[in-house]
Amino acid sequence: MLQYFIDPLAYKLVEYGYLAIFKRSNVTSAEELDLFKAAISKVINVKNANVKVKGMHKLKAGHGGTLDKMATGVLEHVTKAMIEDKLKRFIGEIFQKPPIYSALKRGGRRVSDIARAKESDQYGFHEDKPIEMEFRPVTCYDVKCVDFKPPYFSLEVTCGKGFYVRSLINDLTKDLGSCGHVTSLLRTKHGQFTLDDCLHAADYSMAKVVDAVKHNRRKFPMYSKNL
């Protein structure tokens, strides 16, 4: 397994720090995080997760929420007015069924992996028995159609945690008597961070990380007190 190590002095500067990075398209959130860690640290392939490297400190980093690998949708024979009217029912606290191809787990395994493999008796899934996802409560604070160029349209969504834009598009287009899917998704804000706060791949370096952490501690002192 790969372990990431950084200089102890650098670790003290960024310990319990937080920053935003820009997740590129066609990589998962976990893959982007691994690329980030690899760029700012020394990567060592070890057999024991508890291994220690003399003169180095193990780097630990996580992200605040999985972002889909790929909100824009595709549909036919509808108008922008029809979309805007149907969107009204999705604002507020609603129940939403997550997509099968997601990071959610069942029986200790990702449902998406089970669906792809169409297995197995151990988890109670069979090829002739579709996987049923349960409805979950989520919150959509606001959603509006910001662009309409048939057969494409774009939405701007303000939502809470656990909300799936893919499920929104699926449910919306069904309500419209059509069908659609997400072709691209851009998260413009997560918590206090916006796109302007993000480190991009070209800036992945420990010096940039230290600067970003210091900046965020000044910009968001209320969060620093809780760390």
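Before reading on, note that the structure itself is shown above.
In short, a report on the structure.

Conventions adopted
- Residues numbered from 1 in each chain as written.
- Predicted model: local features only at pLDDT ≥ 70, side-chain atom pairs only at ≥ 80, totals over all residues.
- Heavy atoms only, no water.
- Helix = DSSP H or I, 4+ residues; strand = E, 2+ residues; numbered from the N terminus.
- Buried < 20%, exposed > 50% of the residue type's maximum accessible area, 1.4 Å probe, protein only.
- Areas by Shrake-Rupley, 256 points an atom, 1.4 Å probe, with all protein chains shown as cover.
- Phe/Tyr/Trp six-rings, centres within 6.5 Å; stacked < 30°, edge-to-face > 60°.
- Core = buried A, V, L, I, M, F, W, Y, C linked by side-chain atoms within 4.5 Å.

Things to note about the overall build of the protein chain
- Check the secondary structure of the protein chain and you find seven helices and 13 strands.
- In the protein chain, which comprises 227 residues, the share counted as buried stands at 33%.
- Here the protein chain has roughly 14400 Å² of accessible surface; of this, 52% comes from carbon and sulfur atoms.

Let's talk about the packing of aromatic side chains
- Under the criterion given, the structure shown has two aromatic pairs.
- Relative to Tyr 204, the ring of Phe 36 has its centre 5.0 Å away and its plane inclined at 85°; by these criteria the two rings are edge-to-face. The same class applies to Phe 36 and to Tyr 204, which are both buried.
- For the pair Phe 193 and Phe 220, a centre-to-centre distance of 5.7 Å together with 80° between the ring planes defines the contact as edge-to-face. Separated by 27 residues along the polypeptide, Phe 193 in strand β12 (residues 193-194) and Phe 220 in the loop between α6 (206-219) and α7 (221-224) bring together distant segments of the chain. Per residue, the accessibility class of Phe 193 equals that of Phe 220, and both read buried.

Structural notes on the nonpolar core
- Of all hydrophobic cores here, the largest spans 18 residues; its most connected members are Ile 83, Leu 87, Phe 153, Leu 155 and Leu 172.
- Every element with two or more residues in this core is listed here: α3 (80-87), β9 (136-149), β10 (152-159) and α5 (165-175).
- Ranked by size, the runner-up nonpolar core spans 15 residues in total, among them Tyr 11, Val 14, Phe 36 and Leu 199.

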